[in-house]
Amino acid sequence: MPAVSMTVNGTPVTADIDPRTLLVQFLREHLRLTGTHVGCDTSQCGACVVHVNGEAVKSCAMLAVQADGAEVLTIEGVAQGDTLHPMQEAFRDNHGLQCGFCTPGMIMTALDMVRRLGPVLDDHTIREELEGNLCRCTGYHNIVKSIAAGARAMAADDTPRRAAAE
Amino acid sequence: MSATGIGASVRRKEDFRFVTGRGQYTADIARPGQAHLYFVRSTHAHAKILRIHAGHASRMPGVIAVLTGEDFAAGKLGSLVCGWLIHSKDGTPMKMAPHPALPVDRVRHVGEPVVAVIAERADQARDAAEAISIDYEELPSVVDPAKAQAPDAPQIHEVAPNNTIYQWQLGDPAATEAAFARAASVTAIDLVNNRLIPNAMETRAAVAEYEPGTEQFTLWNTSQNPHVARLVLSAFVGIAPEHRLRVIAPDVGGGFGSKIFIYPEELVALWAAKTVRRPVKWTSERSEAFVADAHGRDHVTRAELAFDAEGKILGLKVKTIANLGAFMSTFSSSVPTYLYATLLSGQYDIPAIFCEVDAVYTNTVPVDAYRGAGRPEATFVVERLMEVSARRLGVDPAELRRKNFVKNFPHQTPVIMNYDAGDYAASLDKALALADYAGFPQRKREAAGRGKLRGIGLSAYIEACGIAPSQAVGSLGAGVGLWESAEVRVNPTGTVEVLTGSHSHGQGHETTFAQLVSHRLGIPIDNIAVVHGDTDKVQFGMGTYGSRSGAVGMSAISKALDKVETKAKKVAAHLMEASEADIVFEDGKFTVAGTDKAVTFGEVALNAYIAHKFSGAELEPGLKEGAFYDPVNFTFPAGCHVCEVEIDPETGRTDVVNFTAVDDFGNVINPMIVEGQVHGGIVQGIGQALMEACVYDESGQLVTGSYNDYRMPRAGDFPPLVVDTTVTPCPSNPLGIKGCGEAGAIAAPAAVMNAVTDALGTEDIAMPATPLAVWTVLQRQAHREAAE
């Protein structure tokens with residue numbers, strides 16, 4: 001079994017794994033980081049989005065061995081202790097979640113959106129950018145609101161953060 | 001109104017764990033020594049099982065056991081059941097066929113579990129399952145409910161000739177015929193209410209554990225109603241006595257009805273855990289969910305509405321065929337009957353109604369309650385009829401509705417329901433104003449200038465929620481009572497635990513229920529914990545569905561709080577050496593009327609437990625009260641949704657450009673959460689109308705079995721939604737709540753289709769109005785015009 005090494009939420013990890021292990025399985029089953037969810041098997045729902053080397057990826061569509069040597073950020077690494085990241089805070093303030101299952105993927109996608117497009121995001125842009133994330137509870141209305149508010153709050157926030165969550 | 005009391009948009013207490021990835025869903029649970037379960041599922045819609053070749057698979061790495069229907073049958077466990085007994089019009093009971101968790105000799109739908117493989121690791125179980133081959137003898141199948149009763153249709157169950165489960169009716173046929181006989185005009189329509197696949201984002205999962213020393217089972221399950229699951233699994237299936245089965249529904253990632261039911265997979269997990277003496281875990285893959293979770297809707301209907309010369313409704317006739325799939329799921333029989341035909345009066349004063357419903361078996365996934373459950377189907381019938389009638393009569397659809405509204409309450413309909421309160425004109429007026437209904441003709445002209453077809457449609461829906469008065473549903477065939485339970489445990493330090501039989505899987509009960517307690521006891525919301533979803537903690541409960549948790553679940557809490565307050569006043573009286581009758585409780589303080597004596601709720605809580613100020617002969621120590629609340633009537637949320645669409649005739653694409661919802665949910669505990677419920681429901685409703693096609697081919701294969709093919713609503717499909725409320729408090733429960741969870745899914749499909757048909761100028765299009773369907777209609781029109 002091949003060994004993989006990566007840094008997950010700032011912590012170096014190494015494990016011997018079956019080569020077909022998906023990154024999401026590695027995170028959930030080997031590291032017990034169960035905040036990253038699996039909502040489909042065709043890489044369309046986006047519940048499993050994490051950041052690999054600073055970019056959003058669907059961790060169900062990537063082998064763990066492909067992330068060898070990478071910096072991985074999951075939802076568990078976004079807050080600083082009990083202090084929420086402004087994007088997490090925005091989801092809570094704007095009722096951007098109901099059952100919470102799609103939420104980790106939505107937040108990780110939102111952070112990537114801000115990284116690529118900046119802090120001023122209009123409704124249309126956010127909706128188009130959420131093409132790869134499904135939610136069955138909220139009708140997306142408050143998710144869109146949350147992301148716009150979270151993006152604005154990030155611009156005003158000067159807390160130093162882990163690279164991938166900036 | 002306090003910042004955390006009733007009526008405040010309090011941020012949700014549960015959100016911290018969800019936004020930090022610390023929710024605990026069933027699939028997140030790992031028990032020491034757990035094995036993994038994977039199912040071999042039927043690849044045929046209808047076939048005889050000739051032979052199962054599992055020898056090689058059982059010797060593969062990690063495989064612990066391979067279990068078949070024969071093994072299951074040897075366990076002498078009972079069949080899965082449908083818990084609501086419907087009688088046909090001839091008095092005979094519904095034809096419920098046996099539903100073993102694993103079949104012995106025949107499969108009846110694609111996706112039916114056939115063989116269970118248990119292995120050390122999930123991938124090993126799956127590998128072994130793929131190595132199992134099954135010899136089948138294919139049988140002819142039927143998937144279309146309209147064809148299921150044909151004399152030459154294949155017979156799916158011996159107990160149900162012509163695949164007919166029941167032929168049921170409601171209303172007065174003679175009065176309805178008489179109304180039609182004197183009608184000035186009749187509107188007739190044929191409707192298909194399309195089959196839907198629920199698709200909660202969390203797939204179903206189960207972790208089952210058996211402790212041989214105590215003969216105790218524990219099941220962690222994605223359930224909306226863990227107590228009902230325990231009851232069915234013990235009383236009907238007999239897996240364990242009720243007191244030796246603990247069912248825990250931890251964080252559950254959406255339900256929409258699909259997680260109410262008792263399915264084969266969790267039963268097999270329990271049985272397997274005992275068989276292999278290991279904890280057994282099953283997590284559904286999404287591809288399995290498409291063919292294993294109960295589907296929704298699937299009605300074929302002919303409906304006729306009779307009017308007098310002034311446009312007043314005289315009568316309604318409805319004939320529906322409802323597809324219940326290959327087996328009768330847990331509550332399937334009630335959906336197209338008592339949750340459907342009883343709402344056919346809509347918001348209107350209709351003197352005579354007659355409805356006939358045939359329920360049929362087909363070789364498809366079982367169909368059961370899905371968000372709205374029967375009420376979206378009823379609303380679609382009534383509101384499509386109203387819109388089509390208005391067009392036919394040449395009157396404004398809003399005005400035709402207004403003319404026929406029920407205006408006096410209580411109002412007894414001809415189909416059981418007694419509407420207790422409402423103001424339908426108020427929600428209509430507010431919706432028309434918010435949607436700028438008056439400005440529509442100008443917007444239509446402007447759109448035409450851009451080459452777009454613009455349409456507007458209304459849906460003035462009603463639903464029956466707060467399900468339900470036990471005596472009433474018992475008389476209609478329900479196998480259970482539909483009350484709710486609550487227990488309020490006050491701790492010596494004055495903090496409170498509320499135990500509820502309701503279950504939260506997105507609805508935010510941990511917040512709204514705490515708001516009620518904060519409001520009543522005057523204590524901070526952070527000092528209140530809401531406990532739910534564990535049969536070892538909560539004594540009994542009926543769970544969450546049918547928009548019942550506010551109206552019924554919170555009413556039970558309110559009743560328990562009444563008792564807590566009564567007991568606390570006794571303690572306060574002893575503390576302040578006053579008469580109990582003089583104690584006043586307000587804003588978290590007990591005072592003696594006419595004096596400045598006061599004690600806080602916390603002091604009373606402490607003294608209730610230290611019991612130093614009263615003798616055991618006078619008063620029991622402690623402060624803990626329970627209540628069962630059984631509603632006296634259904635509740636009747638109602639409102640008006642307005643949809644405006646624009647169609648691109650070149651591509652057939654329909655864009656929802658405006659959507660306005662005005663709902664009367666009675667009193668609202670947390671407006672932010674209520675709006676969120678409405679948003680979600682509307683998008684599911686628009687999904688049904690424009691996107692979500694569940695397609696079976698002639699051979700019974702599900703063609704739309706993944707997100708590649710089943711068109712889920714996405715963020716880019718919608719404009720911002722305009723959501724508002726009107727309020728007539730519900731007189732039938734102590735909090736005046738009606739329920740809000742299903743309104744969007746109930747109202748939206750008719751509003752959308754009324755708008756689409758308005759834009760197209762034809763009624764001849766079925767849901768979902770996909771770009772292909774719309775384009776096809778437009779091409780047909782163009783050909784017809786060219787021919788003329």
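No experiment lies behind these values; they were computed from the predicted model shown.

**Student:** Please clarify how the layout of surface pockets should be interpreted in this entry.
**Tutor:** Once rolled over the atoms, a probe with the size of a water molecule shows which space is left empty. Estimated volume of the largest pocket: approximately 1,400 Å³. Broken down by secondary-structure element, the contributors of at least two residues to the lining of the largest pocket are α1 (23-30) of chain A together with β1 (35-41), α4 (122-130) and β12 (280-283) of chain B. Sort the elements by how many residues they give to the lining of the largest pocket and α4 of chain B lands first, with six residues. Tallied by class, the residues present in the lining of the largest pocket amount to 17 nonpolar, 12 polar and 17 charged.

**Student:** Explanation requested: the packing of helix α3 (residues 103-117) of chain A against helix α5 (residues 141-156) of chain A in the structure shown.
**Tutor:** How two helices pack is summed up by the angle between their axes together with the distance between the axes. Residues and elements named next belong to chain A. Relative orientation of the contacting elements α3 and α5 amounts to 50 degrees, with a least axis distance of 10 Å. Judged by the angle between their axes, α3 and α5 are oblique. For the pair α3 and α5, the sense of crossing is right-handed. Across from Met106, Ala110, Leu111, Met113 and Val114 in α3, the residues of α5 making contact are Ile143, Ile147, Ala151 and Met154. Residue composition of the contact of α3 with α5, grouped by class: nine nonpolar, no polar and no charged.

**Student:** Even after reading the chapter, I still don't get the domain arrangement of chain B, so can you show me in this structure?
**Tutor:** Reports of interface size often rely on the accessible area that becomes lost once the parts have come together. For chain B, the assigned domains are domain 1 (31-139 + 201-254 + 259-292), domain 2 (140-193 + 295-407), domain 3 (420-462 + 635-788) and domain 4 (483-629). Centre-to-centre separation of domain 2 of chain B and domain 4 of chain B, based on C-alpha positions: 45 Å.

**Student:** What should I look at first to understand the interface of chain B and chain A in this one?
**Tutor:** In this complex, chain B contributes 56 residues to the contact, which on the side of chain A involves 47 residues. Around 4,300 Å² of area is buried between chain B and chain A when both sides are counted, 53% of it from carbon and sulfur atoms. In this structure, the salt-bridge partner of Arg20 of chain A is Asp127 of chain B, at a minimum N-O distance of 2.6 Å. For the pair chain B and chain A, the interface holds 28 residue pairs in polar contact (both at pLDDT 80 or more). Secondary structure elements with two or more residues in the side of chain B that touches chain A: α1 (15-19), α4, α8 (286-292) and α17 (671-690) of chain B. Here the side of chain B that touches chain A takes eight residues from α17 of chain B, the largest share from any one element.

**Student:** Is there a simple way to think about the sheet that holds strand β18 (residues 453-462) of chain B in this case?
**Tutor:** Strand pairing in a sheet relies on backbone hydrogen bonds. The paired strands run either parallel or antiparallel. Residues and elements named next belong to chain B. Strands sit in the order β18-β26-β27-β28 across an open sheet of four strands; the sheet is mixed. Two strands close off the open sheet at either side, each with one partner strand: β18 and β28 (722-726). Pairwise comparison of adjacent strand axes, ignoring direction, gives a mean angle of 15 degrees for this sheet. In terms of strand pairing, strand β27 (residues 653-664) meets β28 through five bridges, oriented parallel. Note on β28: the bridge partner recorded for Asp663 is Thr725. Across the face of the sheet, α17 comes into contact with β26 (638-648), β27 and β28 while running at roughly 140 degrees to β27.

**Student:** I keep staring at the packing of helix α2 (residues 86-93) of chain A against α5 of chain A and nothing clicks. Help me out?
**Tutor:** Residue and element names in this part refer to chain A. Packing of α2 against α5 brings their axes to within 8 Å, and their N-to-C directions diverge by 140 degrees. Here α2 runs over α5; the crossing is right-handed. Residues Pro86, Met87, Ala90 and Phe91 of α2 pack against Ile143, Ser146, Ile147, Ala149, Gly150, Ala151, Ala153 and Met154 of α5. For the contact of α2 with α5, a count of residues per class yields 10 nonpolar, two polar and no charged.

**Student:** Looking at this model, I keep getting lost on α5 of chain A. Mind explaining?
**Tutor:** For α5 of chain A, spanning 16 residues, the distance from its first C-alpha to its last is 24 Å, which sits close to the expected 22 Å at 1.5 Å a residue. Buried residues of α5 of chain A: His141, Asn142, Ile143, Val144, Ser146, Ile147, Ala148, Ala149, Gly150, Ala151 and Met154 of chain A, and no others. Against the buried residues of α5 of chain A lie α2, α3 and α4 (123-129) of chain A together with α17 of chain B.

**Student:** Could you clarify how one ought to interpret the side chain of Arg286 of chain B in this entry?
**Tutor:** Relative to the assigned elements, Arg286 of chain B resides in helix α8. Within the structure, Arg286 of chain B has its side chain in polar contact with the backbone oxygen of Met201 of chain B (distance 2.8 Å). Excluding its chain neighbours within four sequence positions, the residues that come into contact with Arg286 of chain B are Gly39, Cys40 and Asp41 of chain A together with Asn199, Ala200, Met201, Glu202, Thr203 and Tyr707 of chain B.

**Student:** Explanation requested: the environment of Thr176 of chain B in the structure shown.
**Tutor:** Residues and elements named next belong to chain B. Summarising the element assignment, Thr176 is placed in helix α5 (residues 173-181). With relative accessibility at 0%, the residue Thr176 sits in the buried group. Linking Thr176 and Lys403, residues 227 residues apart in sequence, is a C-alpha distance of 20 Å. Other than its neighbours up to four places away in sequence, Thr176 contacts Leu316, Lys317, Ala352, Ile353 and Phe354.

**Student:** Explanation requested: empty space enclosed by the protein in the structure shown.
**Tutor:** Residues and elements named next belong to chain B. By the definition in use, this model includes 13 cavities of 30 Å³ or more. Its boundaries defined by the atoms lining it, the largest cavity holds a volume of some 780 Å³. In this structure, the largest cavity is lined by 49 residues; those nearest its centre are Thr544, Gly546, Ser547, Arg548 and Gly741. At four residues, helix α15 (residues 549-575) tops the list of elements feeding residues into the lining of the largest cavity. As a volume, the second largest cavity reaches approximately 170 Å³.

**Student:** In this structure, what is going on with the sheet that holds strand β11 (residues 245-248) of chain B? I would like to understand it.
**Tutor:** Residues and elements named next belong to chain B. Overall, mixed pairing links the seven strands, which are arranged β3-β5-β1-β12-β9-β10-β11 in an open sheet. Across the chains shown, the open sheet's two edge strands, defined by having one partner strand only, are β3 (63-67) and β11. Neighbour-to-neighbour, the strand axes of the sheet open up by a mean angle of 20 degrees, direction not taken into account. Sheet analysis places β1 next to β12, joined by two bridges and oriented parallel. Looking at the pairing, Ala35 lines up with Val280 of β12. Taken strand by strand, α4 contacts β1, β3 and β5 (113-119), and its axis lies near 25 degrees from that of β1.

**Student:** Is there a simple way to explain the side chain of Asn323 of chain B in this structure?
**Tutor:** Residues and elements named next belong to chain B. Assignment of secondary structure puts Asn323 in strand β14 (residues 313-323). Asn323 sits in the buried class, given a relative accessible area of 1%. One polar contact links the side chain of Asn323 to the main-chain carbonyl oxygen of Val143, over a distance of 3.4 Å. Within polar-contact distance, the side chain of Asn323 engages the side chain of Asp298 at 3.0 Å. Leave out the neighbours within four places in its chain, and Asn323 touches Val143, Pro145, Arg195, Arg297, Asp298, Val360, Thr362, Thr364 and Val367.

**Student:** Looking at this structure, how should I read the environment of Ser234 of chain B?
**Tutor:** All names here are of chain B. Take Ser234: it is sitting in helix α6 (residues 226-236). Placed 10 residues apart in sequence, Ser234 and Arg244 show a C-alpha to C-alpha distance of 9.0 Å. Ser234 has contacts with Ala240, Pro241 and Glu242, leaving out every residue within four places of it along the chain.

**Student:** Explain the state of the cysteines to me, please; I cannot follow it from the model alone.
**Tutor:** Residues and elements named next belong to chain A. This model, assessed by the stated rule, comprises zero disulfides over all chains. The thiol sulfur of Cys99 is not disulfide-bonded, and the nearest other cysteine sulfur, from Cys137, lies at 3.8 Å. Looking at Cys102, it has no disulfide partner, and the nearest cysteine sulfur is the one in Cys135, 3.9 Å off. Residue classification places Cys102 among the buried residues on the basis of a relative accessible area of 8%.

What counts and what doesn't
Residues numbered from 1 in each chain as written. Chains lettered and ligands numbered in written order. Predicted model: local features only at pLDDT ≥ 70, side-chain atom pairs only at ≥ 80, totals over all residues. Heavy atoms only, no water. 1 Å grid on protein atoms, 1.4 Å probe; cavity = no way out; pocket = protein on both sides within 12 Å on 5 of 7 lines; lining within 4 Å. Points joined across faces, edges and corners; volume = space filled by probe spheres on them. Helix = DSSP H or I, 4+ residues; strand = E, 2+ residues; numbered from the N terminus. Nonpolar A, V, L, I, M, F, W, Y, C, P; charged D, E, K, R; others polar. Axes fitted to C-alpha atoms, helices over the stretch in contact; angles between N-to-C directions. Parallel < 35°, antiparallel > 145°, perpendicular 65-115°, else oblique. Left-handed = near helix turned anticlockwise from the far one by under 90°. Contact = heavy atoms within 4.5 Å. Domains from an automatic or database assignment. Buried area = accessible area lost by both parts, 1.4 Å probe. Salt bridge = Lys/Arg side-chain N within 4 Å of Asp/Glu carboxyl O. Polar contact = N/O pair within 3.5 Å; in protein donor to acceptor, adjacent residues only side chain to side chain. Pairing = 2+ DSSP bridges. Expected span 1.5 Å × (residues − 1). Buried < 20%, exposed > 50% of the residue type's maximum accessible area, 1.4 Å probe, protein only. Disulfide = S-S within 2.5 Å.

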